[in-house]
Amino acid sequence: MSNIELSEQELIRRGSLQKLRDLGINPYPANEFKVNVTANQILTTFNPEIPNLQEVVFAGRLMGQRIMGKASFGELQDETGRIQIYISRDEICPGEDKTLYNEVFKKLLDIGDIIGVNGYVFITQMGETTIHVKNFVLLSKSIRPLPIVKEKEGKTFDAFTDPEQRYRQRYLDLIVNPHVKEVFLKRTKMINQMREMFNERGYVEVETPILQPIPGGAAARPFVTHHNALNMPLYLRVANELYLKRLIVGGFEGVYEFSKDFRNEGMDRTHNPEFTVMEIYVAYKDYNWMMDFTEEMIERVALALHGKTSITVGDKEIDFKRPYKRITMFDAIKEYTGIDISEMDENALREVCLKIGVDCDNTMGKGKLIDEIFGAKCEGNYIQPTFVTDYPVEMSPLCKKHRNNPELTERFELMVNGKELCNAYSELNDPIDQLDRFQEQLRLSEKGDNEAMFIDMDFVRALEYGMPPTSGMGIGIDRLTMLMTNSVSIQDVLLFPQMKPEKRAEEDPIEKYLELGIPTEWVEVLMKMGYKKISQLKEVKPGKLFNDLCGFNKKNQLGLSNPAANDVTQWLN
RNA sequence: GACUCAGUAGCUCAGUUGGUAGAGCACAUCCCUUUUAAGGAUGGGGUCCUGGGUCCGAGCCCCAGCUGGGUCACCA
């Protein structure tokens, strides 16, 4: 980047960088810097009566500076928080040479620089726990100014809030918005809790293919890619269900995976094209067992994160204390519409839809119609955790038929805050039934249902060898994190949410300008003035360009010697 | 995908029938020195998202586009 593109503050910082080097200070030293304490440890353990922490070594990012002649204060931020530092000139510079204080600390350090200090901890007259610095060393120079966020009495000033910048430059968000880090620490803690619980029970964490020849296990539009050596299409997985069940066939009796899945669909507050799902499969269990297991898991997560089961989500209070309400889908529909659909056929259901104002069309089968009614009239009402069970067979091609009713399946979804959080089955292990269901999906697909599943014949073959009765459950980790951290957007629980690429203005390479005989220094000027392409340049009159160039030179005090009007004319020919 | 709101200094934001581009913080210079977002004084800093149009004149009005937010639709 040429200097002409930089803001004044960036230029000043680059100047400071050079001055530091001139003073023999390496702004990016290589050696290890051994700290022996964190900000949080200092703030929580310092006791002025002992006193402890009299030889601390600390490193962090300089987030504030209050310079006052012979003595200064600053704030350093490490992973655990912020701590004030106190620096006095004559301690840092005991001799005649006061450069380290007057120049380096006061002028050449900037907010954002990472420094290491050693000294002792004390409490100022104002009652602030502070490191009294005996020495400091620059560990990394920051040449781009940070947004300055200030806080007093819980009130935030000049908060860095632009969502676009926060998501695109998450590193910046994390530096200046400490509460953001909390969300991600909770996310990790949540995942660790779940993993711990599964491992305690002897279930095995596995990894299954992300690149799949058949994108099975869910009905969703996949991302497609191509393998060159095999010359075949491959799909990013939309689910890992069929692979985990193959492992149950292979003799594992409990397997789980935290799985990044990919769906080529719309993006909004609750959908990102890549997202995380935890799926677990346990042999010799059924969906009733899995409901108990799921309750236990979620209650455990809530307790680990909040120390209690009742959590505020938006304007609602949600209690994750088990047991959760269990209701069949038919009863749920009866509860909210007053209509008993349990004996109805497709036509009767379509009439119900018309009567209660639920959109439907002729491509919809029985299962889809029921799903629409449930989605429109019931789903949003389940704020407290509720297991909705026994879905119609048409909607659940991988799920075992209900032991008491072949039109239903042994499936449950856990609804929380009006949305689906978990999905679980007594897994279908009858290979002949499975093939029938896949073929039914194919028929639905031909009928126009673009959400129907692909057929995976190898999976059917695996079932033919015999899969033990198994229950499986999948839970959206991003959605669970949103609930547990009271976040309204999936972007707030993903470190790097998907964004459209930043648009960069097209520009011709410098060589093209040089070919026209334009000197390098003037190419930079032209770029800065907005002539990013030769074609733009060709459209302007030489006289105007000449005037503009000289004017720009003068206004910005570039100190260049102006070209001759004739030269400019030559360039444009 | 539809509708809607927004984009102005490094950050947060003002900007009056359309008439010389503003504030606070940050930055620079100087003065002061144990301060709690902000000591004092002075100063520098702008592609008003981009491209068209209307107009004597556009940050402002009109059209198109880009990026983002919100609502809805879609999302077993």
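Along each chain, the written sequence defines residue order, and numbers are assigned to residues from 1. Lettering for chains starts from A, numbering for ligands starts from 1, and both go in the order in which the items are written. Predicted model: local features are reported for residues with pLDDT of at least 70 only, side-chain atom pairs are reported and counted for 80 or more only, and whole-chain, interface and lining totals are derived from all residues. To get the side-chain values, take all heavy atoms of the structure and skip hydrogens and water.

(A) Here's a closer look at the overall build of chain A. In this description a helix means any DSSP run of H or I spanning at least four residues, a strand means any run of E spanning at least two, and both kinds are numbered starting from the N terminus. Within chain A, the secondary structure is distributed over 20 helices and 22 strands. Here the term buried applies to any residue with accessible area under 20% of the maximum for its type, exposed to any over 50%, and partly exposed to those in between, with areas from a 1.4 Å probe on protein chains only. In chain A, buried positions account for 45% of the 573 residues. Here the contacts in chain A between residues at least 6 apart in sequence split such that 63% fall between residues at least 24 apart. Using a 1.4 Å probe, accessible areas were evaluated by the Shrake-Rupley method; residue-level cover was limited to the displayed protein chains. When the accessible surface of chain A is split by element, carbon and sulfur atoms take 49% of a total near 29600 Å². Contacts are assigned to residue pairs that have any heavy atoms within 4.5 Å of one another.

(B) Expanded view of the packing of aromatic side chains. Pairing of aromatic side chains here covers Phe, Tyr and the six-membered ring of Trp, requires ring centres within 6.5 Å, and sorts the geometry by plane angle: under 30 degrees stacked, over 60 edge-to-face, intermediate tilted. All told, the structure shown has 14 aromatic pairs when counted by the stated rule. Aromatic side chains Phe73 and Tyr86 sit 5.1 Å apart centroid to centroid with 55 degrees between the ring planes, which places their arrangement in the tilted category. In this pair, Phe73 sits in strand E2 (residues 71–78) while Tyr86 sits in strand E3 (residues 81–88), placing the two residues 13 residues apart along the sequence. Judged by its relative accessible area of 19%, Tyr86 is buried. Two limits define a charge over a ring: the Lys NZ or Arg CZ must be within 6 Å of the ring centre, and within 35 degrees of the ring normal. Positioned above the aromatic ring of Tyr391 is the side chain of Arg411, whose terminal nitrogen or guanidinium carbon lies 4.6 Å from the ring centre.

(C) Molecular detail of the sheet that holds strand E10 (residues 224–227). With respect to topology, three strands assemble into an open sheet ordered E9-E11-E10, the strand pairing being antiparallel. At either margin of the open sheet sits one strand with a lone partner, and together these are strand E9 (211–212) and E10. When DSSP locates at least two bridges between a pair of strands, those strands are taken to pair.

(D) Looking closely at the layout of surface pockets. If you add up the space inside the second largest pocket, you get close to 700 Å³. Definitions used throughout: a 1 Å grid over protein atoms alone; a cavity as a set of points that fits a 1.4 Å probe which cannot get out; a pocket as an open set with protein on both sides within 12 Å along at least five of seven lines; a lining residue as one with an atom within 4 Å of a point. Around the second largest pocket, the lining is made up of 29 residues, and of these Glu75, Arg82, Val149, Glu151 and Pro178 lie nearest the centre. No other element matches helix H7 (residues 178–200), which puts five residues into the lining of the second largest pocket. Classifying every residue of the lining of the second largest pocket gives 11 nonpolar, eight polar and 10 charged. Grid points are joined across faces, edges and corners, and a volume is the space filled by probe spheres set on the points. All amino acids are sorted into three groups, where Ala, Val, Leu, Ile, Met, Phe, Trp, Tyr, Cys and Pro are nonpolar, Asp, Glu, Lys and Arg are charged, and the leftover types, Gly among them, are polar.

(E) A look at helix H14 (residues 457–465). When we look at burial in H14, the residues that qualify are Phe459, Val460, Ala462 and Leu463. For H14, the arc enclosing every buried residue in end-on projection is 155 degrees, short of the 170-degree limit, so these residues lie on one face. Of the residues in H14, the exposed ones pointing more than 90 degrees away from the buried face are Glu464 and Tyr465. Where H14 begins, the capping side chain belongs to Asp456, and its oxygen is found 3.2 Å from the backbone nitrogen of Asp458. Phi turns positive, to about 110 degrees, at Gly466, one or two residues after H14. This arc describes the spread of directions from the helix axis toward the C-beta atoms. Think of a polar contact as two N or O atoms within 3.5 Å of one another; within protein, one of them needs to be a possible hydrogen donor and the other a possible acceptor, and neighboring residues in sequence only count if both atoms come from side chains.

(F) Highlighting the nonpolar core. In terms of nonpolar packing, the biggest core is built from 38 residues, with Phe198 and Ile475 touching the most fellow members. Residue contributions to this core peak at nine residues, all from helix H9 (residues 287–306). Ignoring any residue separated from it by four or fewer positions in sequence, one finds Ile475 in contact with Met194, Thr276, Val277, Met278, Met297, Ile298, Leu421, Cys422 and Leu480. Listed in part, the 26 residues of the second largest apolar core include Ile83, Ile85, Tyr101 and Val104. Grouping buried Ala, Val, Leu, Ile, Met, Phe, Trp, Tyr and Cys residues that are joined through side-chain atoms within 4.5 Å yields what is termed a nonpolar core.

(G) How the structure looks around empty space enclosed by the protein. Inspection of every chain in the model, using the stated rule, returns one cavity of 30 Å³ or more. Lining the largest cavity are Met63, Arg82, Ile111, Leu146, Pro147, Ile148, Val149 and Val176. Partitioned by chemical class, the residues of the lining of the largest cavity number seven nonpolar, no polar and one charged.

(H) Expanded view of the confidence of the model for chain A. For every residue, the predictor reports its confidence as pLDDT, a number between 0 and 100. Put simply, chain A has an average pLDDT of 86, and 87% of its residues get 70 or more. Note on the complex model: pTM 0.86, ipTM 0.84.

(I) Representation of the packing of helix H11 (residues 346–356) against helix H12 (residues 366–377). Only C-alpha atoms enter the line fits that serve as axes; for helices the fit covers just the stretch in contact. Angles between N-to-C directions range over 0 to 180 degrees. Viewed as axis vectors pointing N to C, H11 and H12 meet at an angle of 25 degrees, and their least axial separation amounts to 9 Å. Between H11 and H12, the angle is such that the two are roughly parallel. Where H11 crosses over H12, the handedness of that crossing is left-handed. Here H11 contributes Glu346, Leu349, Arg350, Val352, Cys353 and Ile356 to the contact with H12, which in turn contributes Lys366, Leu369, Ile370, Ile373 and Lys377. Looking at the contact of H11 with H12 residue by residue, the class counts come to seven nonpolar, no polar and four charged. Here is the rule for angles: anything less than 35 degrees is roughly parallel, anything more than 145 is roughly antiparallel, 65 through 115 is roughly perpendicular, and the remaining ranges are oblique. Less than a right angle of anticlockwise turn of the near helix away from the far helix marks a crossing as left-handed, whereas a clockwise turn marks it as right-handed.

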